[in-house]
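Each chain, written out:
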Amino acid sequence: MTIRARGNSFQVDFVYQGSRYRRDKPTRQEAEACEIQAKARLMQGLDPFPEDRPDPPVEQRKLFGPACQDVYDLEWSKQKDRRNTYLRMMRVREDLGEDTPLADLTTDRLDQYTVELERMGNSPSTINRKMSIVSKTLKFAYRRDHLDRMPYIPRQSEPPSRFRWYTADEQREILLACRLNNYKEFEHLITLLFDTGMRISEALDLKTDNIMHKENMIVLHEGETKNNSARSIPMTERVKASVLDLEWANQYRADKLHLFHMSYDTACKEWHKVRESIGMGKGDIMHAMRHTFCSRLSQNGADMRVIQELAGHKDLSTTQRYTHLNTEKLKADIEKLEACQQIDDLLR
């Protein structure tokens with residue numbers, strides 16, 4: 001074993017069992033100590049220079065903001081409601097912190113966040129939607145081993161929903177106000193919402209290949225609906241007229257593929273103008289036209305399965321909210337009960 005000076009340092013240089021080992025030390029004293037220690041460790045079958053081994057890499061903890069973005073890029077961005085999901089996600093990221101490690105989002109922290117949202121005036125349904133962002137992000141990270149364990153995600157109890165639907169007189173008033181608003185494309189949009197029950201995003205995304213004139217149908221293909229299921233909707237006479245008018249106007253546009261050329265924001269602004277012009281309030285929303293479509297079908301005796309298919313409800317339970325509106329059927333069912341004999345007769 002040899003120690004030799006090399007510039008401003010001293011090199012330990014030795015061979016042990018056919019292997020050569022070298023290390024530089026700043027002083028001769030440290031080089032001599034290194035020589036003794038290295039020889040002793042080699043005789044024990046250990047690494048002669050453990051202090052020179054690099055430290056193990058520090059595991060990078062996944063942060064909440066980037067994790068949310070990963071979920072959005074891979075999943076939420078492909079949804080129909082991606083705009084609202086994105087806005088909700090950004091609010092949650094701001095609330096909980098972009099650089100918050102996922103491991104810090106414990107059940108206690110999420111309970112605290114729920115209380116904070118309540119104090120800010122968020123409704124139970126709004127809180128649940130925001131907690132869904134958190135839940136989806138944490139599950140996404142957990143499945144990829146970025147999180148050791150899933151915390152409990154608190155949920156709020158939501159009151160039974162009350163849905164708004166428009167009477168025949170209100171429908172006429174709305175359509176007349178749309179005509180007076182002098183925005184023909186928006187008037188056609190409202191007509192389609194009333195007579196097809198489509199969601200607003202589905203209607204705004206309509207393309208020329210969704211229209212089957214020969215079959216008199218609007219066909220939404222797989223991937224073009226909220227639940228990604230295809231469905232067909234027969235066109236009423238006024239829907240046919242609106243579609244033909246939109247197609248005629250398209251011949252003067254560069255984009256001839258889409259029927260509508262307005263954004264969701266534009267549609268909302270136009271609806272607010274129409275709504276205010278006839279004295280309606282904030283609870284009177286465009287989505288209520290979808291409720292109106294289902295309500296009209298139910299009131300006219302349509303089967304629940306038919307309404308489910310036309311509306312594109314994934315679960316029949318969603319459609320059954322409209323059952324109570326079919327008062328004529330309820331009366332007929334009671335008449336069937338009345339037709340039974342007296343209970344005393346049945347017991348004999």
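Not measured: the values here are computed from a predicted model.

Procedures and definitions
- Residues numbered from 1 in each chain as written.
- Predicted model: local features only at pLDDT ≥ 70, side-chain atom pairs only at ≥ 80, totals over all residues.
- Heavy atoms only, no water.
- Helix = DSSP H or I, 4+ residues; strand = E, 2+ residues; numbered from the N terminus.
- Buried < 20%, exposed > 50% of the residue type's maximum accessible area, 1.4 Å probe, protein only.
- Contact = heavy atoms within 4.5 Å.
- Areas by Shrake-Rupley, 256 points an atom, 1.4 Å probe, with all protein chains shown as cover.
- Pairing = 2+ DSSP bridges.
- Polar contact = N/O pair within 3.5 Å; in protein donor to acceptor, adjacent residues only side chain to side chain.
- Salt bridge = Lys/Arg side-chain N within 4 Å of Asp/Glu carboxyl O.

### Let's talk about the overall build of the protein chain
Across its full length, the protein chain carries 15 helices and six strands. Expressed as a percentage of its 348 residues, the buried residues of the protein chain come to 36%. Across the protein chain, contacts joining residues at least 24 apart in sequence account for 57% of those joining residues at least 6 apart. Surface exposure of the protein chain reaches about 21,400 Å², of which carbon and sulfur atoms provide 49%.

### Some words on the pairing of strand β2 (residues 9-16)
With five bridges joining them, strand β1 (residues 2-6) and β2 adopt antiparallel strand pairing. In the sheet register, Arg4 faces β2, and the bridge partner there is Gln11. Hairpin connection from β1 to β2: two residues lie between these consecutive antiparallel strands, with Gly7 at a positive phi of about 65°. In this sheet, strand β3 (residues 19-25) lies alongside β2 in antiparallel orientation, the contact comprising seven bridges.

### Observations regarding the side chain of Thr225
Within the element layout of this structure, Thr225 appears in the loop between β5 (217-220) and β6 (231-234). There is a polar contact of 3.1 Å between the side chain of Thr225 and the backbone nitrogen of Asn228. Within polar-contact distance, the side chain of Thr225 engages the backbone oxygen of Ser229 at 2.8 Å. Sequence-distant contacts of Thr225, defined by excluding residues within four places in its chain, comprise Lys80, Glu202, Leu220 and Arg231.

### Considering the pattern of salt bridges
Under the defined criterion, the tally for this structure stands at 18 salt bridges. Put simply, Arg93 and Glu98 hold a salt bridge, and the shortest N to O gap is 2.7 Å. Glu98 sits in the partly exposed class, given a relative accessible area of 32%. As a salt-bridge pair, Glu170 and Arg164 come within 2.9 Å of each other at their nearest N and O atoms. Looking at Glu170, the relative accessible area reads 19%, which means it is buried. Among the charged side chains, a salt-bridge network with shared partners connects Arg164, Glu170 and Asp284.

### Points about the environment of Asn227
By the element assignment, Asn227 lies in the loop between β5 and β6. The spatial distance from the C-alpha of Asn227 to the C-alpha of Lys314 is 6.9 Å, given a sequence separation of 87 residues. Excluding residues that lie within four positions of it along the chain, Asn227 makes contacts with Gly312, His313 and Lys314.

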